[in-house]
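# Breakdown of the fold
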Amino acid sequence: MSRGLLVAGTTSDAGKSLVTAGICRLLARRGVSVAPFKSQNMSNNSHVCLAADGDGAEIGRAQWLQAIAARVTPEPAMNPVLLKPGSDRRSHIVMMGRPAGTLDAGEFATGRRHLAEAAFAAYRDLASRYDVIVAEGAGSPAEVNLRGGDYVNLGLAREVDLPVVVVGDIDRGGVLAAMYGTHGILDPADAALLRGWIVNKFRGDVTLLTPGLRTLEQRTGLPVLGVLPWLDDVWLDSEDALALAAIPDSGASELRVAVLRFPRISNATDIDALAAEPGVSVTLTSRAGDLAEADLVVLPGSRATMNDLTWLRERGLDEVLRRRVAAGGTVLGICGGHQMLAELISDPAGVEGGGEVAGLGLLPTRVEFGAEKVLGLPAGAWRGHRVTAYEIHHGVAGLVDGATAEAFLDGWSRGPVFGTTWHGAFENDDFRRAFLGDVAARSGAAWEPRPGVSYADRREAMLDRLADAVEEHVGYDALMRIVDAGVAPVGRDPLPVGRAGRDPLPVIGIGADGWSGLGDLARALLVEAEVVLGARRQLDLLPGDVTAERTLWPSPFDPTEAIAAQAGRRVVVLASGDPMTHGLGRTLAAALGPESLRVIPAVSSVSLACARLGWPTEHTPVVSTLTGDAHALLRHAGGRALVLSVDGGTPAEVGRILVEHGWGESELTVLGDLGTATESSHRVRADAVAGPYPRLNVVAVEFAGRVSWPEVAGLPDEAFEHDGQLTKREVRAVTLSTLAPRPGEALWDIGGGSGSIGIEWMRAGGAAAISIERDAERAARIERNARALGVPQLRVVVGTAPEALAGLAAPDAVFIGGGLTGAGVVDAAWAALRPGGRLVANAVTLESAADLVTWREKLGGTLTRLEVARAGDVGAFTGWRAALPVVQWIAIKPEESP
């Protein structure tokens, strides 16, 4: 059987579906044959895929999305049981993609054995065809009242031997208690399957959370595998009713869409593509005023069409819709919503209880529910625009005798009323824009289509961003270690040596000369060790006298889990050279605390390189490609620097970067296998790097060629690629002086323009900078400028403040150069600013200068007027040409701020 992993959650909507999708995409990107799985999904949001016989089959929308993430074809086995609630006490069963009766509330805990057997069989079928199965749980494994009939959470894990990770939503609060409670309430056999915790949806500074995470690890004996940040743009393909409120408010109002929120709303994901369209705002509502004022009203799908139609009438919303249509307002019905637009709805097969009811009469159609559900992947066109979609329905609409109407996909339109049973139609970009354009023309709205917006590309970008977050904050290797280990017993105490009164953890630096280069203390500790953690190259340097178990160090490094697996044993960590010089020691100290470590360094590759070159170490900048981007080398252009290489290909990458940025004449010295008998030195120009070079190498760069930019703040304007949105040199120099960057501090640059402030902040010694820019083209320009000027780690956030500020790490300084007049920007920045931090804003217009006066009255601070004039030609003479004066406001946030 293939390997697998179960992603459980402390609650519904903790983020299990999206974390599962992110893991699937991460594994797929690494070449792993992976498939998603969910034994049972309770959702009215579903999708159609093809069964083995070629007919349509229905699975949960989330599992369809996860299959897309895994880059495999969706199939019924990925969600063998789908429960679609028809009322508060009864759900319709879809088993292996086809209708299979109903399930009453009283049967939920005990009456599902046949469903469990189908689910287990489906899992084993997938496991025979894929290398890894990533299964998603449902609700919470802590629901011990349902444990007897469980086949989705720990019931599945016990049946097919799955290790379990538990996801918790910190945004709702109480996540540590929820995780601790989950562990505590499980019986020992179930708890033994848990492998760790993943904190989801975190906003702010993770160091504030670290003490709580360590307490959780101590109390449960399980590691926190990672803390995933809040991701603003992963709301697509919502599975859960709880997630419907997560549609982001884009602030757009050029075209207003009101979606009627039925009690039994189904396939609400149809509105996701509308919400993703620039300039379109979407509201999920049941208010009459919203329906009257919107440019478009959508009646979405419903799992109980006749009951939801009654609900609509009881609120008088039927009359609101009729008045709207009479006034020319556009109404669109999708599936169940389409059926409600008919003159009559009949149910002779008893699908919704039987009988017939009058529809809204807005289309000249009659709907009849058939016993067989229609499942398909249709295709068609509207006004020349090709449309692919999927359909899931019992009700079939036909024109009443003698009636006429225009064709609209598989349905009809008459005047401003449109109806179709096709779901997913608006994911077709050209059709979506054409339809919304028609709506705008009917309502007189100012909205116009923005060509180039691809919904499929947005979904792919979302999945890749999820995978990026999982890779960065949890790690591919950490996940695969859990998958590979399966349900084998693991150590339950994650606390490293050095905690809870134990001796510090020895971290021993070892050079390429191996054992002979170690001192007596390092040798003694290694001889006494029971386990030595290290990279293969380091472990191979140890002689036979060291009898400890040699364990490969995980990459990316996960100290909590790796050391937890060795609980109660004498552990020594091996690192290269000096662990505190761009090495492992820094990572360990940040994760475990410096007091937990006993670092014994060897001579670093930096010291060896400087010794060979005759360069003073204290005046030699070092750039590590092991932990960062080689473009950081360009920060030292005009001087010299050392580059710590990832592998033998790094010298060529360094040469390419130098040539690309005009430093092709620079001299490189590639120092290979430093400190060994095979040590080598190759000198070559950057534009002639050829290789091959040893895997272990350091690249010394001596810049030559064009004039370099100075290190001081206030770079010439021509140092930046820009479109005119640039804080000019003199004002920029004053602004950087006012912002006063210090080591370890972070900046928000709101309204980045060309990125000059954030870039110069980092060049002046600031640790981090985030540039917030709403224009995507300018954002790309900022990234190019950051790479060219040697600070590729500058982060660019594409979005509009204050919305784009949510979830960003708290800053030590904020600069507002653009977007000052945006509502709520200063409030949000001031609230996020750390106590003692600086807020600096520049204003050019009278209106924005007046705003600064108002803010100074509210928050205090200092106002300064900056005026610059440059000499220029005045006919045959020379005169002063004054630039627009700049008003600058600086405010320091009190240490005890209200």
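Whatever comes next refers back to the structure up there.
First, a word on what this report is: a plain description of the structure on this page.

Conventions used here
- Residues numbered from 1 in each chain as written.
- Predicted model: local features only at pLDDT ≥ 70, side-chain atom pairs only at ≥ 80, totals over all residues.
- Heavy atoms only, no water.
- Pairing = 2+ DSSP bridges.
- Helix = DSSP H or I, 4+ residues; strand = E, 2+ residues; numbered from the N terminus.
- Axes fitted to C-alpha atoms, helices over the stretch in contact; angles between N-to-C directions.
- Contact = heavy atoms within 4.5 Å.
- Salt bridge = Lys/Arg side-chain N within 4 Å of Asp/Glu carboxyl O.
- Buried < 20%, exposed > 50% of the residue type's maximum accessible area, 1.4 Å probe, protein only.
- Arc of directions from axis to C-beta.
- Parallel < 35°, antiparallel > 145°, perpendicular 65-115°, else oblique.
- Nonpolar A, V, L, I, M, F, W, Y, C, P; charged D, E, K, R; others polar.

## A short note on the sheet that holds strand β24 (residues 391–399)
On the basis of which strands lie adjacent, the open sheet formed by 4 strands has the order β20-β19-β21-β24 and mixed pairing. One side of each edge strand has no neighbouring strand; the edge strands of this open sheet are β20 (356–358) and β24. Pairs of neighbouring strands in the sheet enclose a mean axial angle of 30°, with direction left out of account. By the bridge criterion, 8 bridges tie strand β21 (residues 365–376) to β24 in an arrangement that is antiparallel. If you follow Arg366 over to β24, its bridge partner there is Gly398. Helix-sheet contacts for helix α10 (residues 305–314) involve β19 (344–346), β20 and β21, and the interaxial angle to β20 is about 35°.

## Overview of the pattern of salt bridges
Per the counting criterion, the structure on display carries 57 salt bridges. The shortest N-O distance in the salt bridge between Arg25 and Glu460 comes to 3.1 Å. Here Glu460 lies in helix α14 (residues 455–473) and Arg25 lies in helix α1 (residues 16–29), a separation of 435 residues in the sequence.

## A few points about the environment of Ala35
Here Ala35 is to be found in strand β2 (residues 34–37). Sequence spacing of Ala35 and Gln66 is 31 residues, and the spatial spacing of their C-alpha atoms is 8.0 Å. Not counting residues up to four positions away in its chain, the partners in contact with Ala35 are Met78, Tyr130, Val132, Ile133 and Val134.

## Some thoughts on unusual backbone geometry
Pro802 follows Ala801 through a cis peptide bond whose omega is 10°. Among the structural elements, Pro802 can be located in the loop between β40 (795–798) and β41 (813–816). The phi dihedral of Arg71 is positive, around 60°, even though this residue is not glycine. Looking at where Arg71 falls in the secondary structure, it is placed in the loop between α2 (61–70) and β6 (81–85). Among the residues examined, Arg71 registers a relative accessible area of 49% and is labelled partly exposed.

## What about helix α22 (residues 729–739)?
All of the buried residues in α22 are Val731, Arg732, Thr735, Leu736, Thr738 and Leu739. All buried residues of α22 fall inside an arc of 160° around its axis, so they share one side. Contact partners of the buried residues in α22: β38 (746–750), α23 (756–763), β41, β42 (838–843), β43 (862–866) and β46 (886–892). The first or second residue beyond α22 is Ala740, which carries a positive phi of 55°.

## Things to note about the packing of α10 against helix α11 (residues 317–326)
Orientation of α10 relative to α11, taken along the N-to-C sense of each, is 80°, at an axis distance of 5 Å. With respect to α11, the element α10 is oriented roughly perpendicular. On α11, the residues that touch Trp311, Leu312 and Arg313 of α10 are Leu317, Asp318, Leu321 and Arg322. When its residues are assigned to classes, the contact of α10 with α11 shows 4 nonpolar, no polar and 3 charged.

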